[in-house]
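What follows is each chain in one-letter form.
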Amino acid sequence: MKRILSTAVICILSLCSCGIYSFTGTSIQPDVNTVTIDFFEYKALKVNPSLSNEITEAIRSQFRRMTRLEQVEMDGDLEISGAITGYDVTATAITAQEVAAQNRLTVSVTVNFENRKHPEDNFENKSFSAYADYDSMQSLESVQSSLCTEIVDKIVEDIFNATVAQW
């Protein structure tokens, strides 16, 4: 029993000490210490004035919670920038009377990622999008806040995974 326990402890310590794997799901190299997350510009045709700030702050918050990286204003070891390129509402379910029963709000974002220490991980203009459906009897204005929160959470998770979890 002691042998199994000591083997398990050694395995856990070796995983933690290598600096590449963490239990938060990130695979940040040990020589990467800082991250710069630029403000996400709003370039979509349909306007949501708070969405740029929401996405930017949500990404910053995710990195604070899930990584050991220090956030710096410029020249971080990692740099994430992007733009909101789509904010669209479409009908998803049509009734027999040919009216929409459900609508879908879709938000699209393009992201640039630069890893100054490991440039093989870089990518440019990678697209991410997420959507949420709502009943067509509701106005977009009445559900927009909750839908955007749900959508932003999905997009931020995808961006996080693509940059430091490399999924």
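Located above this text is the structure these notes cover.
Just so you know, these numbers come straight off a predicted model, no measurement behind them. (Residues numbered from 1 in each chain as written. Predicted model: local features only at pLDDT ≥ 70, side-chain atom pairs only at ≥ 80, totals over all residues. Heavy atoms only, no water.)

How should the overall build of the protein chain be read in this particular structure?
Secondary structure summary: the protein chain contains 3 helices and 6 strands in total. Its helices and strands in sequence order give the protein chain the pattern α-β-β-α-β-β-β-β-α, from N to C terminus. With 167 residues in all, the protein chain has 36% of them scored as buried. Of the roughly 9,800 Å² that the protein chain leaves accessible, carbon and sulfur atoms contribute 54%. (Helix = DSSP H or I, 4+ residues; strand = E, 2+ residues; numbered from the N terminus. Buried < 20%, exposed > 50% of the residue type's maximum accessible area, 1.4 Å probe, protein only. Areas by Shrake-Rupley, 256 points an atom, 1.4 Å probe, with all protein chains shown as cover.)

What is the right way to read the packing of aromatic side chains from this model?
Working definition: an aromatic ring pair is given by the centre-to-centre distance plus the angle between the planes. Taken as a whole and assessed by the stated rule, the structure comprises 2 aromatic pairs. Aromatic side chains Phe 63 and Phe 160 sit 5.1 Å apart centroid to centroid with 70 degrees between the ring planes, which places their arrangement in the edge-to-face category. With Phe 63 in helix α2 (residues 51-66) and Phe 160 in helix α3 (residues 140-165), the pair connects residues that are 97 residues apart, well separated along the chain. Taking the relative accessible area as the measure of exposure, Phe 63 reaches 1% and is therefore buried. Phe 160 sits in the buried class, given a relative accessible area of 2%. Where Phe 113 meets Phe 123, the ring centres are 5.5 Å apart and the plane angle is 35 degrees; that geometry is what we call tilted. Of the two residues, Phe 113 sits in strand β5 (residues 100-115) while Phe 123 sits in strand β6 (residues 123-135), which places them 10 residues apart along the sequence. There is no split in this pair, since Phe 113 and Phe 123 are both buried. In this arrangement the basic side chain of Arg 104 is found over the ring face of Tyr 131, its NZ or CZ atom lying 3.8 Å from the centre. We note Lys 126 situated over the ring of Phe 123; from NZ or CZ to the ring centre the distance is 5.0 Å. (Phe/Tyr/Trp six-rings, centres within 6.5 Å; stacked < 30°, edge-to-face > 60°. Lys NZ or Arg CZ within 6 Å of the ring centre and 35° of its normal.)

Would you explain unusual backbone geometry in this entry?
Leave glycine aside and you will find that most residues have negative phi; peptide bonds, for their part, are mostly trans. The backbone phi angle of Asp 75 is positive, close to 60 degrees, even though this residue is not glycine. By the element assignment, Asp 75 lies in the loop between β3 (70-71) and β4 (78-94). The phi dihedral of Asn 125 is positive, around 50 degrees, even though this residue is not glycine. On the secondary structure map, Asn 125 appears in strand β6.

Please explain the side chain of Gln 62 as it appears in this structure.
Structurally, Gln 62 is set in helix α2. Excluding its chain neighbours within four sequence positions, the residues that come into contact with Gln 62 are Thr 67, Val 156, Glu 157 and Phe 160. (Contact = heavy atoms within 4.5 Å.)

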